[in-house]
Every structure is written in C-alpha cells, then in structure tokens.
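# Fold and geometry: a report
Below, each chain spelled out in residue letters.
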Amino acid sequence: MERSLIILKPDAVQRGLMGPIISRLEQRGLRFAGLKLMRVDEALARRHYAVHEGKPFFASLVEYITSGPVVVAAITGNNVIATIRNTVGATNPSQAAPGTIRGDYAVEIGRNLIHASDSPENGEKELALFFAPNELVELERSTDRWIYE
Ligand code: UDP
Ligand code: MG
C-alpha cells in the first residue's frame, strides 16, 4: 500500500478549481485519508521543496506555494503514486496530455495547480510534514476491499 501527499496549490484555490480537481481524483476511485485547507509558511515550503533548493526556480516556487491558502490531501491505496501522477499530468502543463488535470486546466509550469508525491518514500516523508497522525482516518477495509486486495 502506498500513500501520497496532494497539494492543491494557491492557483487551484483562487481559480475555484478545488471541487473539479478533487472530483477527478475521487471519481478515478482514489481514496482520501486526510483533507484540509491551510496556509504553507516559508519554513514548511522550504522543507517540502528541499530537493529543489539551489535550482533557478526555487525562490519563485516557495513564493508561489506560500501565496495563498492550499488544500492538502492524503491518498492511500495500491499503486496510488503512479496512478495519481498519471492523472495529474506532466510538470509543464504545455506538455501535459489533454484529459489530465494539468493538461485540461493549466498552461504555465509556474502555475501548474497541483502537487503529487513522486515515490512511496517521498509520499511518507511529505505526509509527515503536512499531517499529524490523528488527522488521517483509518479507511474501512471491509467496504474498500477492491482497492486493498
Ligand atoms: N517548477 C517550476 N519550473 C521548473 C520546474 C518546476 O516552476 O522549471 C515548479 C512547478 O510548480 C513544479 C514544482 O516546481 O510542480 C516541483 O517540480 P517537480 O520537478 O518536482 O515537478 P512535479 O513533481 O510537481 O511534477
Ligand atoms: Mg515533484
């Protein structure tokens, strides 16, 4: 079982796209274990994006993610990392396939609407940064059997 952190970035909230983006993940069949609206301060942004420190876009990335409220979510299940990344689309929206979230709703790499963890290891690390354990629900395995078997 894998766990992924999702962030609906400030442009998603400002553009009124929380519902449509969450709907796409939900309708695909992904299971949410945590969901909240919050602000990301600079310290948290720098930790979350530490792997990008030193890159030319790092400062603008930190500024972007701290520029307004975000929605963070935890999604759990088999193979969710790859499934979510495929649903999200390429980092640069101009190369993201139509039908993906970025391919349907975004045009600029610096305003690409959504973050999704890129490996199971990073999913665990990122979730620990954004959620306390008691903010994540235990999913009902009896009713969600199909996704866990
Ligand atoms: N980013 C950017 N310019 C770039 C590369 C990345 O502004 O040239 C931003 C973009 O918001 C991206 C984030 O930095 O989502 C993290 O980059 P990463 O390569 O991890 O892309 P992702 O995993 O979000 O697809
Ligand atoms: Mg990434």
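Residues numbered from 1 in each chain as written. Chains lettered and ligands numbered in written order. Predicted model: local features only at pLDDT ≥ 70, side-chain atom pairs only at ≥ 80, totals over all residues. Heavy atoms only, no water.

### Some thoughts on the site of ligand 1
Lining the immediate surroundings of ligand 1 are K9, Y49, H52, F57, L61, R85, T91, R102, I109, G110 and N112. For ligand 1, an oxygen atom lies 3.0 Å from a polar atom in the side chain of H52. At 2.8 Å from an oxygen atom of ligand 1 is found a side-chain nitrogen or oxygen belonging to R85. Alone, ligand 1 offers 500 Å² of accessible surface; in the complex the protein occludes 79% of this. Of the residues assigned to the shell around ligand 1, the class counts are four nonpolar, four polar and three charged. (Near = heavy atom within 4 Å. Polar contact = N/O pair within 3.5 Å; in protein donor to acceptor, adjacent residues only side chain to side chain. Areas by Shrake-Rupley, 256 points an atom, 1.4 Å probe, with all protein chains shown as cover. Nonpolar A, V, L, I, M, F, W, Y, C, P; charged D, E, K, R; others polar.)

### Considering unusual backbone geometry
Positioned with a positive phi, N79 is a non-glycine residue whose angle comes to about 55 degrees. When its relative accessible area of 52% is taken as the criterion, N79 is described as exposed. We note that L113 has phi near 75 degrees; this positive angle belongs to a residue other than glycine. Mapped onto the secondary structure, L113 falls in the loop between α6 (101-105) and β4 (114-116). The class of L113 is buried, set by a relative accessible area of 0%. (Buried < 20%, exposed > 50% of the residue type's maximum accessible area, 1.4 Å probe, protein only. Helix = DSSP H or I, 4+ residues; strand = E, 2+ residues; numbered from the N terminus.)

### Here we look at the nonpolar core
Formed by 21 residues in total, the largest nonpolar core has its most connected members in I6, L8, I21, L25, I75, I84 and I114. Put simply, the parts of the chain that give this core at least two residues each are β1 (2-8), α1 (10-14), α2 (18-28), β3 (70-77), α5 (80-88) and β4. The contacts of I84, once residues within four sequence positions are left out, are S4, I6, L25, L30, I75 and A116. Grouped together as the second largest cluster of nonpolar side chains are 19 residues, A33, Y49, V62 and A74 included. (Core = buried A, V, L, I, M, F, W, Y, C linked by side-chain atoms within 4.5 Å. Contact = heavy atoms within 4.5 Å.)

### Digging into the sheet that holds strand β2 (residues 31-38)
Strand order in the open sheet formed by four strands is β2-β3-β1-β4, and the pairing between neighbours is antiparallel. Strand pairing shows two members of the sheet lacking a second neighbour, β2 and β4, which therefore form its edges. This sheet shows a mean twist of 15 degrees between the axes of neighbouring strands, independent of strand direction. As paired strands, β1 and β3 are joined by seven bridges and run antiparallel to one another. Counted as the bridge partner of I7 is V72 from β3. Relative to the sheet, α2 contacts β1, β2, β3 and β4, its axis offset from that of β2 by approximately 165 degrees. (Pairing = 2+ DSSP bridges. Axes fitted to C-alpha atoms, helices over the stretch in contact; angles between N-to-C directions.)

### Structural notes on the pattern of salt bridges
This structure, assessed with the given rule, holds five salt bridges. Across the salt bridge formed by E124 and R3, the nearest N and O atoms sit 2.8 Å from each other. Taken together, the residues E124 in helix α7 (residues 120-130) and R3 in strand β1 connect sequence positions 121 residues apart. Residue classification places E124 among the partly exposed positions, given a relative accessible area of 35%. Judged by its relative accessible area of 27%, R3 falls in the partly exposed class. Across the pair R46 and E53 runs a salt bridge whose closest N-O atoms are separated by 3.4 Å. According to the relative accessible area criterion, R46 is partly exposed, its value standing at 34%. (Salt bridge = Lys/Arg side-chain N within 4 Å of Asp/Glu carboxyl O.)

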